[in-house]
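# A look at the structure
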Number of protein chains: 2
Amino acid sequence: MATLGDIGLSAFINILSAFAFLLAFALLRIQPINDRVYFPKWYISGKRSSPRNLGNVVGKFVNLNFKTYVTFLNWMPQALKMSESEIISHAGLDSAVFLRIYILGLKIFGPIAVAALLVLIPVNAHGGTLFFLQRELVVSNIDKLSISNIRPKSYKFFFHISMEYLFTFWVCYMLYKEYKRVASMRLNFLASKGRHPEQFTVLVRGVPHVSGRSVSDSVETFFRRNHPDHYLCNQAVYKANKFAKLVKKRNQLQNWLDYNQLKFERYPNKRPTIRRGFLGLWGERVDSIDFYNEQIKDLDKKLTMERQKILKEPKAVTRAAFVSFNSRWGAAVCAQTQQSKNPTLWLTKWAPEPRDIYWKNLAIPFLSLTMRKLVISILVFALVFFYMIPIAFVQSLANLEGLERVALFLRPLIELNFVKSFIQGFLPGLALKIFLHLLPKLLMVMSKIEGHVAISILERRTAAKYYYFMLVNVFLGSIVTGTAFQQLDAFLHQSATQIPRNVGVSIPMKATFFITYIMVDGWAGIAGEILRLKCLVVFHLKHMFIVKTERDLEKAMDPGSIKFPETLPSLQLYFLLGIVYMVVTPILLPFILVFFAFAYFVYRHQVINVYNQKYESAAAFWPHVHGRIIASLLISQMLLMGLLSTKKAASSTPLLVVLPILTLTFHKYCKNRFEPAFRKYPLEEAVNKDTQHRASESNADLKSYLSDAYLHPIFHSFEDVDLAEVRVDKNEAYAPSTSQGAISSPSSPQYAYQHEDGPSHDTRHYGVEPTGNNMYSYDVESQHH
Amino acid sequence: MATLGDIGLSAFINILSAFAFLLAFALLRIQPINDRVYFPKWYISGKRSSPRNLGNVVGKFVNLNFKTYVTFLNWMPQALKMSESEIISHAGLDSAVFLRIYILGLKIFGPIAVAALLVLIPVNAHGGTLFFLQRELVVSNIDKLSISNIRPKSYKFFFHISMEYLFTFWVCYMLYKEYKRVASMRLNFLASKGRHPEQFTVLVRGVPHVSGRSVSDSVETFFRRNHPDHYLCNQAVYKANKFAKLVKKRNQLQNWLDYNQLKFERYPNKRPTIRRGFLGLWGERVDSIDFYNEQIKDLDKKLTMERQKILKEPKAVTRAAFVSFNSRWGAAVCAQTQQSKNPTLWLTKWAPEPRDIYWKNLAIPFLSLTMRKLVISILVFALVFFYMIPIAFVQSLANLEGLERVALFLRPLIELNFVKSFIQGFLPGLALKIFLHLLPKLLMVMSKIEGHVAISILERRTAAKYYYFMLVNVFLGSIVTGTAFQQLDAFLHQSATQIPRNVGVSIPMKATFFITYIMVDGWAGIAGEILRLKCLVVFHLKHMFIVKTERDLEKAMDPGSIKFPETLPSLQLYFLLGIVYMVVTPILLPFILVFFAFAYFVYRHQVINVYNQKYESAAAFWPHVHGRIIASLLISQMLLMGLLSTKKAASSTPLLVVLPILTLTFHKYCKNRFEPAFRKYPLEEAVNKDTQHRASESNADLKSYLSDAYLHPIFHSFEDVDLAEVRVDKNEAYAPSTSQGAISSPSSPQYAYQHEDGPSHDTRHYGVEPTGNNMYSYDVESQHH
């Protein structure tokens, strides 16, 4: 077991590596060449279009202003300068509330750490049992400061019990205040928002099939009848995966065309050429600009045909639609009420933001949703408890005998000593590493299969799954020996009172492990986050090899966003560690405090300068954060009860039984009191906003505003193609260049399907830019053209 | 353990007593004198006003028509004659659906019994272990037909597992069909209902306090603002418990006055007199009619003062109100949406029927509700698991030493042998009996403290509590030895897999006990229900001693109603027994089938001829019935798993694990698919009904209709007093008799507070008769005057 010296060494190493990361970051960020890696948010918000120093050719790439090197650590105070309201308008409420979680951590654990260090450490340290045991057992110094050091049956446990009470009340008080604040922030944010299409729109699923009638017709009739004074219009949802692929291809061609035209402009005497064959490697050499124009024209024809197919084919229309109302009140009413006798038909819920919609899942029928949820729950359970089985299988394949059997020709290679040791020592670990790296993506795929209709919900569901995984495999897995499956089996064969006892008794012994974990994952890991090493390398590689046009440069920038599916669960794990150890081994708390403070700085900087959120859910994740901190409290209370019962302090256990009941009651109260603010939209608010905006919003105006907002992305490109066709008819001669001009002009950014950041996210890009208004300014292309 | 012979004897005794009850019933019911005991429903519905045979004086009391004695068992076919739709219009949907539960029992267990008897009994009986053990253990013949007879590790268990699957699917299929049917019956019932005030009215709670503004004002402003097109009017809720007491007293006096006037009319030459003193036993002798008139006049003055006090005192107005809308659509919208930013204010839900409201609980604030629920849950938990403790305490007090110590003067009496054996043998049992008799009332009081606002909800919550009690103390308590508390302690110290094993293994052994239980409680008990012995005796006693006026006779009738808090849980217990034993000891099933069939006959007769429901919840209890049958399935699966694991058929257990998951999924699906029909009111339906009735319902008409419907009962009496006062002013001389005439006339049945049927129900009678319409025809007085 680790001594205080070991911990100190580990702390030193981790602090050193954190500082190395920070130093590297501080030096790299002031180089103009890296400007788009470390300040992309400013490019996106339009406040910066090129690096600040543009002295000479060298100055374009390397910072020559030596004064900035002296003040290279000034990003920290800079990051603190922005006020919360500025952050909300700069980066959105999601980011602002995300930062508040770190502050909440500091607020919760700061006073607790002080109280615990002042009261519990002396109580634990003074004349405990472990001093006498030292010779027989290997006991760490950390343990002498923990509850393990108290003699069984000691009256001192009442200190711990009363502290558990005190701390629980403190945590609940802070949680209550924070929930209240976040709820009111959310309502204010929604109230101060301008006119947005999602305020007027409801997503309707389960439109029943009526023969001889289109979905749009059914929807129109139904809502005209049941919301006669409020219904405005509806938009059908199309199944358009094939069309989206064509659009993507067209986009790539457009990009090549731009590149070639740029080239031609620079060297007007040499027209660029290309070979017709595969990847331009062989075949007849032709004029590039003509070639691409021709290809685009071909594709446009295909697109038109596909469009007509979709329009004619009634099966291409899904049984879902976006229904818009003429007031926020009307939409709020429709979203919150049951429409039909059969509650699996005409299901209404608030439409997500247009850019937040996950179009693929809109068409899933009700029964299928139930089945999907069941299957995915079973799969997640299996993944959490049995994930080691497939990995062990892969690892067994990756061993030498397996490989030799599968691939005989590799035998001479494998027999080399170096390769042998590499495979034996490295591959099994690599398999696990790859799995853990892929895990969030795998969980995201599972969430998608579950059938949620918004990216924000998908990310929240993924975060929940990831949390369960961490809870079982990182927290419990580190405390109890054996794989998760073995634990599950053991738990099933233990009594309800035995489980917390068995887990609780090993809790204090694992404190040193978790301290090291916090330093590695929390301290050095967060410092690595600010360095953005992967993004830096990828950006420069892309810059050197792929970037052909200005558009590509924008795309290569990749600001990223707060990865909620990963950051929220790991944050919640830190809360869990802090709350479980606050009474047991309070020496762990300062390490957590350092994590919260440091991570707050780093993420504040990233939110201000780097991240560009893809959607705005108005802090819809907060109830989950709150709920999991409450769960941590309950786990902590159970484990303390188990721990105390092994200390023969059984008479004190009943004193603790009241605490979970009180905690649960508090949770229930908070749920009733605040959660509706995150799930429903009060009519009072809707009426207020309606009255405010009544003067400026006429009905006709609203209808034209809403008619585009939830248009399936497919239709935006249709309009353009129509435009192009019309022009072709009129001026036959200029057809190609006009069509192309119309498509790539800044006012029609609809072919914006190329902005990618991961294989699993491609469908997100069907998200629409509402023509004619700039509210959804998330897509890089439309901004900088 | 009981042999087949014992069971046969028990069956014989129970069948005999059931037949005795039935015979007594058949003879008693055709006596004219008992007509109001056995056919009160017909008197209430106005289709009968006096017994059928009115030949001579004797014929008035005893049936002299001997033909009817021959056909005295014809009530059974008669009970079946009425069709379901007739029952719905005759007794309401609650009763009709309640009867369907018995049919559901027959539908579920009929085929299961056939399949189990044909397949499982031969499998169990053939060459089992128990034949060899017979000499060593006392094994009943019943056990030879049960799963206990199968040798460990036998392949035969696959019969049982596949049967469990088959039966589960069958039960789920029947449940699905039934839920679907009941949901559509409910919707049809609501759709076919005429204009009722609860269709337009929403109960608003948590009206915030605004200084200098009345509650009614606040409500008016808020709803005018947030439901501008739909708001119609609102009605305040008053705290009026003291006033209600005065009204009750006045009612009694009125009754005495009626009695004396009747007397005077009969013997006009002798004016009735009364003594002024206590209970009319001593004091000055005065004229009764004058005396009561004077007393009523006094009380009227007091009532006026109290009224003015309530009207002037703003604290007498609670923070709740009934808000009415001008369309069903508007009310449906308001009931289903969130009104305010703060979800603990302006809480809206559908108003219950006026006669269903439990007025006392309307004023409870939100925070208090949370606390009440917590406290009551803890109390119910304590009651279920620790109820033996106070009873043991009382029993220990009731023993001889205790009594002698407390009451020395009783010693000579106690020393008598007869008294001694009585106290020792009878009193402890009596304490338990009294407790079990009082239990439903105690649970009802608990539900009232929980703060539900409708009697129907109170009864459902009481039924739920009673079910938990029965589940733990009757079902588990009979299977596992020891008190519930000891079981709880044992369960806490057993592993999750051990509990079903321990319970499961004793399941087959208790089959004989439950068979006897079914015969005693189910067969003979139900036959006792139809005899209505208690009501018969009470009616005749009242008739002899108390009944003074026609009104009293009506009251003495006491039709009662289906006691949902007791009948539903015991029904659910029968389902539990049937489902648990269907695979383990299928010989139990025929006994349950007899219970369902017989109880169906009896309750059908009672519903048609006797019961008079006090409210109509449109089968709102169905989701609970459904849910508890699902819970029974889960319990059965768990116990079978536990049982099989003791039979060393461990390899078969995984086969059963899938079943609970499937059952839960089915439950979830049903919940999503059907439960909204019981919780919400679809807008489609509201619009349909609005359109239907638009022609006949003008807004002004509606307003006057609704303005009275949810008037606090206090106001109805005010109006009368006002009327009386006005008349006094006009015709001083005739004042007393006019006032009295106005009050007891059929058109103003507002002083109808006396109709009682239990001490815990008194507040229910604040329920209002909406003046001017006869829809709420539940109150005896208003119908037959």
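Residues numbered from 1 in each chain as written. Chains lettered and ligands numbered in written order. Predicted model: local features only at pLDDT ≥ 70, side-chain atom pairs only at ≥ 80, totals over all residues. Heavy atoms only, no water.

Chain A has the name CSC1-like protein in an unreviewed UniProt entry, where Penstemon smallii is given as its organism. As its UniProt record puts it under Sequence similarities (unreviewed entry), chain A is described as follows: "Belongs to the CSC1 (TC 1.A.17) family." UniProt, in the comment section headed Subcellular location (unreviewed entry), describes chain A in these words: "Membrane". (UniProt positions renumbered as here; feature names shortened; annotations may be inferred.)

## Notes on the interface of chain A and chain B
It is common to give the size of an interface as the accessible area that goes away when the parts come together. On the chain B side, the residues contacting the 45 residues of chain A number 45 residues. In total, chain A and chain B occlude about 4,200 Å² of area from one another, counting both sides; carbon and sulfur atoms represent 62% of this. Three residues stand out in chain A for area buried against chain B, namely Q338, K341 and E684 of chain A, and they jointly supply 15% of the buried area on that side. Here K341 of chain A ties to E685 of chain B by a salt bridge, and the two come within 3.8 Å at their closest N and O atoms. Remark: the boundary between chain A and chain B carries 14 residue pairs in polar contact (both at pLDDT 80 or more). Only helix 11 (215-226), helix 14 (328-336), helix 15 (366-386), helix 29 (653-674) and helix 31 (683-694) of chain A provide two or more residues apiece to the side of chain A that touches chain B. Considering only residue class, the side of chain A that touches chain B consists of 20 nonpolar, 19 polar and six charged. (Contact = heavy atoms within 4.5 Å. Buried area = accessible area lost by both parts, 1.4 Å probe. Salt bridge = Lys/Arg side-chain N within 4 Å of Asp/Glu carboxyl O. Polar contact = N/O pair within 3.5 Å; in protein donor to acceptor, adjacent residues only side chain to side chain. Helix = DSSP H or I, 4+ residues; strand = E, 2+ residues; numbered from the N terminus. Nonpolar A, V, L, I, M, F, W, Y, C, P; charged D, E, K, R; others polar.)

## Some remarks on the nonpolar core
Core analysis: the largest hydrophobic core is formed by 306 residues, its most contacted members being F475 of chain A together with F475 of chain B. For F475 of chain B, the residues in contact, after removing those within four places along its chain, are M470, I507, F514, L573, L576, L577, V580, I635 and L639 of chain B. (Core = buried A, V, L, I, M, F, W, Y, C linked by side-chain atoms within 4.5 Å. Buried < 20%, exposed > 50% of the residue type's maximum accessible area, 1.4 Å probe, protein only.)

## Here's the deal with the confidence of the model for chain A
Residues and elements named next belong to chain A. Averaged over every residue, the pLDDT of chain A is 76; the share at 70 or more is 76%. This stretch, residues 132-139, has a pLDDT under 50; its non-local contacts, to residues over four places away or in other chains, come to four contacts. The low-confidence segment residues 721-785 (pLDDT under 50) makes 115 contacts with residues lying over four places distant or belonging to another chain. For this predicted complex, the interface score ipTM comes out at 0.76, alongside a pTM of 0.80. (pLDDT = per-residue confidence, 0-100.)

## Some details on a positive patch on the surface
A cluster of basic residues, K263, K270, R275 and R285 of chain A, forms a positive patch on the protein surface. Turning to its location among the elements, K270 of chain A is positioned in the loop between helix 12 (241-266) and strand 3 (273-275). (Patch = residues over 30% accessible without salt bridge, like charges linked within 9 Å, V, L, I, M, F, W, Y side chains within 5 Å. Areas by Shrake-Rupley, 256 points an atom, 1.4 Å probe, with all protein chains shown as cover. Lys, Arg positive; Asp, Glu negative; His and termini not counted. Charge placed at Lys NZ, Arg CZ, Asp CG, Glu CD.)

## With respect to a nonpolar patch on the surface
Among the surface-exposed residues, L9, F12, I13 and L16 of chain A lie close enough to one another that they form a single nonpolar patch of about 420 Å² accessible area. Checked against the element boundaries, I13 of chain A lands in helix 1 (residues 4-29).

## A short note on helix 28 (residues 622-646) of chain A
With 25 residues, helix 28 of chain A extends 37 Å from end C-alpha to end C-alpha; this agrees with the ideal 36 Å at 1.5 Å per step. Following helix 28 of chain A by one or two positions, K648 of chain A has its phi on the positive side, about 60 degrees. (Expected span 1.5 Å × (residues − 1).)

## Looking at the packing of helix 14 of chain A against helix 14 (residues 328-336) of chain B
Each pair of packed helices can be described by the angle between their axes along with the distance between the axes. At their nearest, the axes of helix 14 of chain A and helix 14 of chain B sit 9 Å apart, and the two run at 75 degrees to each other. Judged by the angle between their axes, helix 14 of chain A and helix 14 of chain B are roughly perpendicular. Between helix 14 of chain A and helix 14 of chain B, the residues in contact are W329, V333 and Q336 of chain A and W329, V333 and Q336 of chain B, respectively. (Axes fitted to C-alpha atoms, helices over the stretch in contact; angles between N-to-C directions. Parallel < 35°, antiparallel > 145°, perpendicular 65-115°, else oblique.)

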